[in-house]
Amino acid sequence: MRSSNESMYYARRRKRRMQRRLRFVCAAVCILVLAGIITLIISLFDKKGKQDDSLEPEQTSTVLAPLPMQVTVNKEVWPVTGPAIQTKDYTIRSTDYDLMALPECGRVDTSYFSDAAFLGDSITEGFTEYNVEMQGALICGYVGLTPKTVVDGTAVNHPERGSEVPLDVLAARQPAKLYILLGTNTLVNDGAEDNFIAYYGRMLDELKSRLPDTLIYVQAVPPVQTKAVETRPGLEKSKVQAVNVRLAKLALEKGCSFLDLYGAMADENGDLNADYAESDGVHFTASSGYPAWVNFLCTHTVYSKDNPWAKGSAYYMG
């Protein structure tokens, strides 16, 4: 028979053994719970990853119409306007010709041009020669005009007003809109492209300085017919198209709107449409060419709710 001391010893021993077992069980339970939590977390991450892999790429483009859109050029934002696809944080590259050109945007009445001016060579002069109705627009069309002529401040002859300096005439009028069409005279010979773009940039700087509140439209150099290229090799269509890409980029860099007149006047081969061409293959006909040009201008304007939208236009509010 055990003494009381032995009984107490064995009781304490059993108690310590029980405590060790209890601690072991608790530790085991804690380890199992922790392992379960870790396994659950890992499975959730794996599941999320699989779900993400099955998703379509995030759509970053939106359709804007008729409100203006914007694109980023050299970290500056310029308005483009009208129905178009806009990509988030999109930066125009020199090859994005379609994005650089102003898209079609409703149709304005010709009264839109009542406070406009047109600057160009003999093609622009045709507005005066053929009495094309432009609602009182100032026509500054001169035979042989080039960007260099404008920059140098050279006096040129207008068929009705006589000798004048284009920059001075424009500065005196301060038109709300200015349409520029130049290049056919400068580009007749190969190798003139760099000189043309350089002077065009200087001309735009001078115009923006003299006409601070004027919206400037830069029109693409128009196409010519194949027969005209024989004596004007610099106007071969691939060369003109390459110049127009550079011209579009220059226009946006200077804060101007670019109009793809080339595309509007060309046939399926990229030549001046036979219906619009005079016999020389360069100038526009009064019967078809100028109406096509005016129609293009009426449907390609910078959007404004205050524009005189023609009846039937998507933006007509009458």
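In case you missed it, the structure is sitting above this.
As a starting point, this report considers the structure included with it. (Residues numbered from 1 in each chain as written. Predicted model: local features only at pLDDT ≥ 70, side-chain atom pairs only at ≥ 80, totals over all residues. Heavy atoms only, no water.)

### Here's the deal with the pattern of salt bridges
Two side chains bearing opposite charge may form a pair once their charged atoms approach each other closely. Let me state the cut-off plainly: Definition used for salt bridges: Asp or Glu carboxyl oxygen within 4 Å of a side-chain nitrogen of Lys or Arg. Each helix corresponds to a stretch of at least 4 residues labelled H or I by DSSP, and each strand to a stretch of at least 2 residues labelled E; elements are numbered beginning at the N terminus. Here the term buried applies to any residue with accessible area under 20% of the maximum for its type, exposed to any over 50%, and partly exposed to those in between, with areas from a 1.4 Å probe on protein chains only.
For the coordinates displayed, the defined rule picks out 11 salt bridges. When the shortest N-O distance is used, the salt bridge between K237 and D271 registers 3.7 Å. Taken together, the positions of K237 in helix 8 (residues 237–253) and D271 in the loop between helix 9 (261–265) and helix 10 (289–298) put the pair 34 residues apart, joining distant regions of the chain. A residue is classified by how much of its surface remains accessible, and D271, at 13% relative accessible area, is buried. Salt-bridge contacts for K249 lead to E253; the nearest nitrogen and oxygen are separated by 2.5 Å.

### A short note on the sheet that holds strand 9 (residues 177–181)
The line we're drawing: For two strands to be treated as a pair, DSSP must find no fewer than two bridges joining them. Only C-alpha atoms enter the line fits that serve as axes; for helices the fit covers just the stretch in contact. Angles between N-to-C directions range over 0 to 180 degrees. Two residues qualify as a contact provided that any one of their heavy atoms is within 4.5 Å of a heavy atom in the partner residue.
Overall, parallel pairing links the 5 strands, which are arranged 6-5-9-10-11 in an open sheet. Both outer strands of the open sheet, strand 6 (138–141) and strand 11 (257–259), are each paired with one neighbouring strand and no more. Taking the axes of each pair of neighbouring strands and ignoring which way they run, one obtains an average angle of 20° across the sheet. Bridge count between strand 5 (residues 116–120) and strand 6: 4 bridges; the pairing is parallel. Considered in strand 6, the bridge of L119 is made with C140. Across the sheet, helix 3 (residues 122–129) is in contact with strand 5, strand 6 and strand 9; its angle to strand 6 comes to roughly 135°.

### Re the environment of D205
As for its placement among the helices and strands, D205 is situated in helix 6 (residues 193–210). Owing to a relative accessible area of 39%, D205 belongs among the partly exposed residues under this scheme. Taking C-alpha positions, D205 is 7.5 Å from K254, a pair spaced 49 residues apart along the chain.

### A few points about helix 5 (residues 166–173)
Formally: Starting at the helix axis, one direction is taken to each C-beta atom, and the arc is that of these directions.
Of the residues making up helix 5, those classed as buried are P166, L167, V169 and L170. Seen from one end, helix 5 has its buried residues packed into an arc of 165°, which puts them on one side.

### Concerning the environment of L204
Note that L204 resides in helix 6. A relative accessible area of 0% places L204 in the buried class. In this structure, the C-alpha to C-alpha distance between L204 and I180, residues 24 residues apart in sequence, is 9.7 Å. Those residues in contact with L204 that lie beyond four places of it in its chain are I180, I216, V218, L250, K254 and C256.

Bear in mind that shape data such as this cannot, by itself, settle questions of function.
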